[in-house]
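# Secondary and tertiary structure notes
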Amino acid sequence: MPSPDLAANSNLSSTLRENRVFAPPEEFAAKAHIRDLAEYDALYQRSIEDPEGFWAEAAGELDWFTPWTKVLDWNEPWAKWFVGGRLNLCYNCVDRHALGGKKDKTAILWEGEPGEVRRLTFGELHEQVQRFANVLLGLGIRKGDRVAIYMGMTPELAVAVLACARIGAVHSVIFGGFAANAIVDRVNDAECIAVITQDVSYRRGGEVRLKATVDEALKHCPTVKHVVVYKRSDAAVEMKSGRDQWWHELMAAAGAECPAEPLDSEDPLYILYTSGTTGKPKGLVHTTGGYAVQTYLTSKYIFDLRDQDVYWCTADIGWVTGHSYVIYGILQNGITTLMYEGAPNYPDPGRFWKIIEEHKVSVFYTAPTAIRAFIKWGDEYPAAHNLDSLRLLGTVGEPINPEAWMWYREVIGKGRCPIVDTWWQTETGAIMLAPIPGAVAAKPGSATKPFFGIVPEIVNKDGGPVPAGQGGLLVIRKPWPSMARTIYGDADRYVKQYWTEVPGSYFTGDGARMDEDGCYWLMGRVDDVINVSGHRLGTMEVESALVAHPKVAEAAVVGRPDAMKGQAIAAFVTIESGHEPSKDLKDELRAWVAKEIGALARPDDIRFTDSLPKTRSGKIMRRLLRELATHGEIKGDTTTLEDFSVIARLREQDE
Ligand code: ATP
Ligand code: MG
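Remember, it's a predicted structure, so these values are computed and weren't measured experimentally. (Residues numbered from 1 in each chain as written. Chains lettered and ligands numbered in written order. Predicted model: local features only at pLDDT ≥ 70, side-chain atom pairs only at ≥ 80, totals over all residues. Heavy atoms only, no water.)

### A short note on the overall build of the protein chain
Summing up its helical and strand segments, the protein chain has 21 helices and 30 strands in all. Here the C-alpha radius of gyration of the protein chain, 24 Å, is about what a compact globule of 655 residues would show, namely 26 Å. Per-residue burial over the protein chain gives 63% buried out of 655 residues. For the protein chain, the share of sequence-separated contacts (at least 6 apart) that also reach a separation of at least 24 residues comes to 72%. In the structure as shown, the protein chain presents an accessible area of about 23300 Å², 50% of it carried by carbon and sulfur atoms. Mean positive and mean negative side-chain charge positions of the protein chain (72 and 88 charges, respectively) differ by 1 Å. (Helix = DSSP H or I, 4+ residues; strand = E, 2+ residues; numbered from the N terminus. Rg over C-alpha atoms; globule rule 2.2 N^0.38 Å. Buried < 20%, exposed > 50% of the residue type's maximum accessible area, 1.4 Å probe, protein only. Contact = heavy atoms within 4.5 Å. Areas by Shrake-Rupley, 256 points an atom, 1.4 Å probe, with all protein chains shown as cover. Lys, Arg positive; Asp, Glu negative; His and termini not counted. Charge placed at Lys NZ, Arg CZ, Asp CG, Glu CD.)

Listed below in structure tokens is the structure:
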């Protein structure tokens, strides 16, 4: 937590000098939905002058059972969108295409880690979701009931999610890599009555024993009455009689028809817990209508989707990115979505590029953490594959360091594919800032401009404006359709966390600055700001300077108390393979940062580490490093930490 004097002045000092600009490639722009900046500007202007008109028009592209009577009912911070409207998101993802001429088009293209490939057409998906919806109904699950889904990346996971949406059951997807205690917390918080799981899934050549982990968790989850187990393999699992049933047996016995329930626009669709980068995860509630509209429209324009696309987002469905941009946004557009079960480096670090080549992936959306890993593993892996099918690249999850962006552009995109750096959060439900690829020029390290209808602003603690070029708090001024409606069971926390910090605005918790072109540059989390002699530095810029050094693969910086300066900068650095840690390298890196962005940002301590503590979704957990740098021990919430041994190894190094 920042100390009170840190919060007193909320402006951030910016040090990053990044001037590269990449205009949309002409050929791309010529075929795009939105073809130039003037068109973007005009539509953006219209969208903020008449947001209700704008969003109503977008909503009109979807199928509604009953039209809404009012677009927005806003009583800060409580929003209702498309009031009185009735629709079904599963219907819009599946039925609409299965019945509308795309019955034989591939909806889900799946590759298992061992190498199997399955294709589910919209017609087949339609049948599967209806059957599984009947399975849920047969178990007594009704609209509003909460269903936990703890599975690997299999088509059945998407079927389970969509079947819940079909009957109005509220899904709570729990990432399949979490341990039993994380399941216990989430299932109990949402009082789930059923868990959908599978025997095992495959990762890095090993079995992930999902069902066994569920069994362990459910000893502490009194609300759960039913467990449905999808059989992925021949692994033996224990089935508890009266509670556990096989997916395939229930499906075989279920009726093939189950009409989609006409749900109220504000009926809850799902609960999802945040990544836990800055603290204990929060269970955000998303509702149906507004979420449908914004995930649909952002997918269409930001990925500039075309009917023949093979779209691949590498995020797990356990994260919001998987919800909005593996399933809901993409399927609503009737586009083929690829799902891959396993690790990027199995059996070797070329796996992703092999998948792209084999399935002719045209749009590829991944995270900075993955991109930094690819860089570390070496260019020979992408070079060994034909990546000509790619036409658009995307990134999400953390600020992307400009040098990693450049690598992505040159080595993966061959300089021809636009990159969309998309900023958003579990809370926002859909993308909020990103370049519209045919219209807005990209800048390495900037998420550039707001999506239509979104009104971001950089402010200080009192909500006052911060001039262009200076850093401050990123807030959103107006409600947007896919905004989370509350924190499940804790409306007070919702108000306190997001709507109290800066009066009249949604507080994102991120620091950012806007440049003279109106582009936004995310500077890191406000909680992670480092105050050096009264200058408040975001983590992104110092880390980007370190990552720009040819020997550095990844870096995290945190503040630790310092008697002279208030805080000193402690940097944790992972170096590229082929280089050795040394005192000389430390000196070299300190001098490098001072030269690149100024003496103020020169790290006081540098520690080399082979890996950084990250959340399961791949985000650097600086709060743990800060604790370590300050107290030498860690007390904060670590349920979402990816690899506990990282902490032990960091501590050893400390001694
Ligand atoms: P918690 O809220 O529990 O700390 P979290 O914020 O990591 O977890 P998510 O909702 O998964 O949970 O992540 C959203 C955050 O990720 C954003 O607030 C921002 O800090 C970061 N982020 C996502 N995309 C980008 C991006 N393109 N550029 C910069 N930062 C990004
Ligand atoms: Mg967050």
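### Examining the pattern of salt bridges
Pairs can form between side chains of opposite charge whenever their charged atoms are close. Taken as a whole and assessed by the stated rule, the structure comprises 46 salt bridges. Salt-bridge contacts for Lys143 lead to Asp267; the nearest nitrogen and oxygen are separated by 3.1 Å. One end of the pair, Lys143, is in the loop between helix 6 (122-138) and strand 6 (146-150); the other, Asp267, is in the loop between strand 13 (263-264) and strand 14 (268-273), with 124 residues separating them in the sequence. Judged by its relative accessible area of 42%, Lys143 is partly exposed. Close ionic contact of Arg391 with Asp309 constitutes a salt bridge, the shortest N to O distance being 2.8 Å. Within this pair, whereas Arg391 is found in the loop between helix 15 (380-383) and strand 19 (392-395), its partner Asp309 is found in the loop between helix 11 (289-302) and strand 16 (310-313), the two being separated by 82 residues in sequence. No difference in accessibility class separates Arg391 from Asp309, as the two residues are buried. (Salt bridge = Lys/Arg side-chain N within 4 Å of Asp/Glu carboxyl O.)

### Digging into the UniProt feature "domain: AMP-dependent synthetase/ligase" (unreviewed entry) in the protein chain
The feature "domain: AMP-dependent synthetase/ligase" (unreviewed entry), as given by UniProt, occupies residues 100-484 in the numbering adopted here. Along residues 100-484, the helical share is 31% and the strand share 21%, with 31 Å between the first and last C-alpha atoms. (UniProt positions renumbered as here; feature names shortened; annotations may be inferred.)

### Details of the site of ligand 1
Around ligand 1, the structure places 21 residues, and the nearest of them are Thr274, Thr277, Thr278, Thr426 and Arg525. Backbone polar atom of Gly397 to a nitrogen atom of ligand 1: 3.0 Å apart, as the coordinates give it. Contact between ligand 1 and Glu398: a nitrogen atom at 3.4 Å from a main-chain N or O atom of the residue. Its free accessible area being 630 Å², ligand 1 has 94% of it covered by the protein chains. Its residues placed into classes, the shell around ligand 1 shows five nonpolar, nine polar and seven charged. (Near = heavy atom within 4 Å. Polar contact = N/O pair within 3.5 Å; in protein donor to acceptor, adjacent residues only side chain to side chain. Nonpolar A, V, L, I, M, F, W, Y, C, P; charged D, E, K, R; others polar.)

### Considering the sheet that holds strand 24 (residues 506-514)
The strand order across the open sheet formed by four strands is 21-22-24-25, and the pairing between neighbours is antiparallel. Of all the strands in the sheet, the pair left with one neighbour each is strand 21 (456-459) and strand 25 (520-525). Here the average twist between neighbouring strands, direction ignored, is 45 degrees. Docked against the sheet, helix 18 (residues 539-547) engages strand 24 and strand 25, running at close to 95 degrees with respect to strand 25. (Pairing = 2+ DSSP bridges. Axes fitted to C-alpha atoms, helices over the stretch in contact; angles between N-to-C directions.)

### A few points about helix 8 (residues 180-190)
Among the residues of helix 8, those classed as buried are Ala180, Ala182, Ile183, Val184, Arg186, Val187 and Ala190. For helix 8, the secondary structure elements touched by its buried residues are strand 6, helix 9 (210-218) and strand 14.

### Focus: the nonpolar core
Core analysis: the largest hydrophobic core is formed by 122 residues, its most contacted members being Phe132, Phe303 and Tyr328. In terms of residues, this core owes the most to one element, helix 7 (residues 155-167), which gives ten residues. Setting aside chain neighbours within four positions, we find Phe132 in contact with Val159, Ala160, Ala163, Ile196, Val228, Trp247 and Met251. Counting residues in each nonpolar core, the second largest holds 29 residues, with Val310, Phe364, Ala404 and Ile412 among its members. (Core = buried A, V, L, I, M, F, W, Y, C linked by side-chain atoms within 4.5 Å.)

### Some words on the pairing of strand 11 (residues 226-230)
Summarising burial for strand 11: five of the five residues are buried, a large majority. Side chains His226, Val228 and Tyr230 project from strand 11 onto one buried face, and the interleaved Val227 and Val229 project onto a second face that is buried too. When strand 8 (residues 194-198) meets strand 11, the two strands line up parallel, connected through five bridges. Note that in strand 11 the partner of Val195 across the bridge is Val227. With three bridges joining them, strand 11 and strand 12 (residues 244-246) adopt parallel strand pairing. The residue bridging Val229 from the neighbouring strand is Trp246, located in strand 12.

### Considerations on helix 7
Taking 1.5 Å per residue, 13 residues should reach 18 Å; helix 7 reaches 19 Å between its end C-alpha atoms and fits that length. Of all 13 residues in helix 7, 13 are buried; the element is thus mostly enclosed. In the stretch just after helix 7, Gly168 is the one whose phi turns positive, near 85 degrees. (Expected span 1.5 Å × (residues − 1).)

### Digging into the sheet that holds strand 19
Sheet architecture is open: seven strands sit in the order 5-4-17-16-18-19-20, paired in mixed fashion. For this open sheet the edge positions go to strand 5 (117-121) and strand 20 (419-421), each flanked by a neighbour on one side alone. The sheet shows a mean angle of 20 degrees between the axes of neighbouring strands, direction not considered. The pairing of strand 4 (residues 106-111) with strand 5 spans five bridges and is antiparallel. Residue pairing for strand 5: Leu109 is matched across the bridge by Arg119.

### Digging into the UniProt feature "binding site: Mg(2+)" (unreviewed entry) in the protein chain
Within this structure's numbering, the places UniProt gives as "binding site: Mg(2+)" (unreviewed entry) are Val547, His549 and Val552. In this fold, Val547 is placed in helix 18. For Val547, the residues in contact, after removing those within four places along its chain, are Asn401, Val552, Ala553, Glu554 and Ala555. With respect to the helices and strands, the residue Val552 is situated in strand 28 (residues 552-562). Ignoring sequence-local partners within four residues, the contact set of Val552 consists of Leu546, Val547, Val573, Thr574, Ile575, Glu576 and Leu589.

### Some thoughts on the state of the cysteines
For the structure shown, the criterion picks out zero disulfides. With no disulfide of its own, Cys164 lies 9.7 Å from the sulfur of Cys192, the closest cysteine sulfur. Counting only cysteine sulfurs, Cys192 is the nearest neighbor of Cys221, a cysteine outside any disulfide, at a range of 8.5 Å. (Disulfide = S-S within 2.5 Å.)

### Points about the packing of aromatic side chains
As enumerated under the stated definition, the model contains 40 aromatic pairs in all. The interplanar angle of 90 degrees and the centroid separation of 6.0 Å between the aromatic rings of Tyr340 and Phe352 together place this pair among those described as edge-to-face. Linking Tyr340 in strand 17 (residues 336-340) with Phe352 in helix 13 (residues 351-359), this pair joins segments that are twelve residues apart in sequence. In this structure, Tyr340 and Phe352 share a single accessibility class: buried. (Phe/Tyr/Trp six-rings, centres within 6.5 Å; stacked < 30°, edge-to-face > 60°.)

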